[in-house]
Amino acid sequence: MAIDPTAFMDTMVRRVQLTDADKAALTEAASWGKDIAPAMAEIFYDYLGRDEEMNAILNATEGRVHRLRQTFVDWFAEMFTGMDGWGKSYAERRWKIGLIHVKVGIGPQHVVPAMAVVVNAVRQRLRQDNKPETLGDALGKICMIDLAFIEQAYFEVSSQAVLQETGWTQALFQRLIATGAASMQS
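Residues numbered from 1 in each chain as written. Predicted model: local features only at pLDDT ≥ 70, side-chain atom pairs only at ≥ 80, totals over all residues. Heavy atoms only, no water.

Asker: Quick rundown of the packing of helix α2 (residues 20-28) against helix α8 (residues 133-166)? Include the residues and the values.
Answerer: Two quantities define a packed helix pair, namely the angle between the helix axes and the distance between the axes. Relative orientation of the contacting elements α2 and α8 amounts to 105°, with a least axis distance of 9 Å. Overall, the two elements α2 and α8 adopt an arrangement that is roughly perpendicular. Judged by residue contacts, D22, A25 and L26 of α2 engage L135, A138, L139, K141 and I142 from α8. Considering only residue class, the contact of α2 with α8 consists of six nonpolar, no polar and two charged. (Axes fitted to C-alpha atoms, helices over the stretch in contact; angles between N-to-C directions. Helix = DSSP H or I, 4+ residues; strand = E, 2+ residues; numbered from the N terminus. Parallel < 35°, antiparallel > 145°, perpendicular 65-115°, else oblique. Contact = heavy atoms within 4.5 Å. Nonpolar A, V, L, I, M, F, W, Y, C, P; charged D, E, K, R; others polar.)

Asker: Give me the layout of surface pockets: which residues, what numbers.
Answerer: Which parts of space are left empty comes out when a probe the size of a water molecule is rolled across the atoms. For the largest pocket, the calculated volume is near 620 Å³. What lines the largest pocket is a set of 27 residues, among which Y45, L68, T71, I97 and H101 lie closest to the centre. Where the lining of the largest pocket is concerned, the elements lending two or more residues are α3 (30-49), α4 (52-58), α5 (64-85), α6 (88-104), α7 (108-128) and α8. With seven residues, the top contributor of residues to the lining of the largest pocket is α6. Looking at the lining of the largest pocket, its residues break down into 18 nonpolar, three polar and six charged. (1 Å grid on protein atoms, 1.4 Å probe; cavity = no way out; pocket = protein on both sides within 12 Å on 5 of 7 lines; lining within 4 Å. Points joined across faces, edges and corners; volume = space filled by probe spheres on them.)

Asker: Go over the environment of R69 with me, naming the residues and quoting the values.
Answerer: Tracing the backbone shows R69 in helix α5. Sequence spacing of R69 and L48 is 21 residues, and the spatial spacing of their C-alpha atoms is 12 Å. Among residues more than four places away in sequence, those in contact with R69 are A41, E42 and Y45.

Asker: A description of empty space enclosed by the protein should follow, citing residues and the corresponding values.
Answerer: Enumeration over the complete set of coordinates arrives at one cavity of 30 Å³ or more. A volume near 40 Å³ is recorded for the largest cavity. Lining the largest cavity, in full, are V118, V119, V122, R123, G136, L139, G140 and C143. Among the elements of the structure, α7 and α8 are those that each provide at least two residues to the lining of the largest cavity. Residues that form the lining of the largest cavity fall into these classes: five nonpolar, two polar and one charged.

Asker: Any chance you could break down the environment of A138 for me, citing the residues and the numbers?
Answerer: Mapped onto the elements, A138 comes out in helix α8. Between the alpha carbons of A138 and D22 there is a distance of 4.9 Å; along the sequence they are 116 residues apart. In contact with A138, not counting residues within four places along its chain, are L18, D22 and L26.

Following this line, the structure appears as structure tokens:
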């Protein structure tokens with residue numbers, strides 16, 4: 001069963017402790033976020049382009065990198081505005097982004113370090129532009145929420161595919177995963 005993006009968002013907001021003060025800090029810095037988004041996209045895609053596997057995915061179709069840069073700029077700016085106060089529209093868009101990552105084959109082994117590159121680059125820019133550390137903390141939290149959506153998409157798509165192909169129950173699948181994880185520990 002696919003997740004409810006809004007419920008997942010609410011859970012992630014609680015887990016990373018994204019507060020109203022964090023949201024206010026992000027909203028107040030929205031124009032700054034929009035201004036630096038193209039530079040962050042450049043850093044992000046420069047990093048990904050140096051990885052042979054990611055470079056192949058990024059350049060698999062004509063114009064993909066150009067389109068992705070604009071998508072990144074939009075995504076980055078949306079973190080500051082929350083689109084709808086980090087509610088239903090934001091959650092649904094983040095879920096869709098997660099599913100797209102799965103569809104094009106960008107695995108967690110690429111997404112996690114790339115998100116770290118973004119967080120680090122933003123922190124450097126915050127210091128350079130004399131922005132408060134609280135803004136960096138808020139951005140770190142929202143980046144982790146967005147990352148959680150991508151990671152959850154992998155889990156949901158993978159588990160649903162296995163259940164559909166095998167006819168297994170959810171309980172059996174979870175038991176097999178737990179058994180498999182236990183057997184890998186040594």
